[in-house]
Amino acid sequence: MKKISLTSSERLLVGFVLKALFSSVFSVLIFSFIASQIYYRLDIGTDKTNLVSIVVYVLSALIVALVSVSGFKNNGAAVGVVSQLGLVIYSLFTMLFGTNTLILFLIKTVSSVTIGAVIGAVRAKRNAQFRI
């Protein structure tokens, strides 16, 4: 049987996809847990749930962009936007099968794409400066 070997570009792509997916899942889980504990401890009503979901989503988008773009020196904005795809799909499923509205979905999508592009551009520019 032939050995499977990955070139460096394939390894970078597979690493990017895995980092984006795992950081999406874990950041949403961690920030949702923190938000639910704050709700439980402070006995906050459910009228602010949409606002808290946006905050959790934005914090998750920030973490995903920071984790996923590391290692890239070019096209940071595009890589940052693509890294947000998992969160956008999650928000789409939440809108279709859960309690999100279309406006909430659009707010979350625009905020995550914007955060991904900005963080990706800054992080890639920073990585390119230290290139040897």
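Look up a bit, the structure's there.
Below, the discussion takes up the side chain of Ser68. Tracing the chain through its elements places Ser68 in helix H2 (residues 49-69). Of note is the side chain of Ser68, whose polar atom sits 2.9 Å from the backbone oxygen of Val64. Non-local contacts of Ser68, meaning those with residues more than four positions away in its chain, are made with Phe16, Lys19, Ala20, Ser23 and Ser83.

Here we come to helix H3 (residues 76-83). Of all the residues in H3, the buried ones are Gly76, Val79, Gly80 and Ser83. In an axial view of H3, the angular spread of the buried residues amounts to 100 degrees, which keeps them on one side of the axis.

Our focus in this paragraph is the nonpolar core. Membership of the largest hydrophobic core is limited to 11 residues, which are Val28, Tyr57, Ala61, Val64, Ala65, Leu87, Val88, Met95, Phe105, Ile115 and Ile119. Those elements that place two or more of their residues in this core are H2, helix H4 (85-97) and helix H5 (102-129).

The subject of this paragraph is the packing of aromatic side chains. Enumeration according to the criterion identifies two aromatic pairs in this entry. For the ring pair Phe22 and Phe26, a centre distance of 6.3 Å and an interplane angle of 20 degrees mean the geometry is stacked. Of this pair, Phe22 and Phe26 both sit in helix H1 (residues 8-42), four residues apart, which is roughly one turn of the helix. Arranged with centres 5.9 Å apart and planes meeting at 15 degrees, the rings of Phe93 and Phe97 form a pair that is stacked. In this pair, Phe93 and Phe97 both sit in helix H4, four residues apart, roughly one turn of the helix. Look at Phe97 and you get exposed, because its relative accessible area is 68%.

About the criteria used
- Residues numbered from 1 in each chain as written.
- Predicted model: local features only at pLDDT ≥ 70, side-chain atom pairs only at ≥ 80, totals over all residues.
- Heavy atoms only, no water.
- Helix = DSSP H or I, 4+ residues; strand = E, 2+ residues; numbered from the N terminus.
- Polar contact = N/O pair within 3.5 Å; in protein donor to acceptor, adjacent residues only side chain to side chain.
- Contact = heavy atoms within 4.5 Å.
- Buried < 20%, exposed > 50% of the residue type's maximum accessible area, 1.4 Å probe, protein only.
- Arc of directions from axis to C-beta.
- Core = buried A, V, L, I, M, F, W, Y, C linked by side-chain atoms within 4.5 Å.
- Phe/Tyr/Trp six-rings, centres within 6.5 Å; stacked < 30°, edge-to-face > 60°.

Interpretation note: all reported values are geometric properties and have no functional meaning in isolation.
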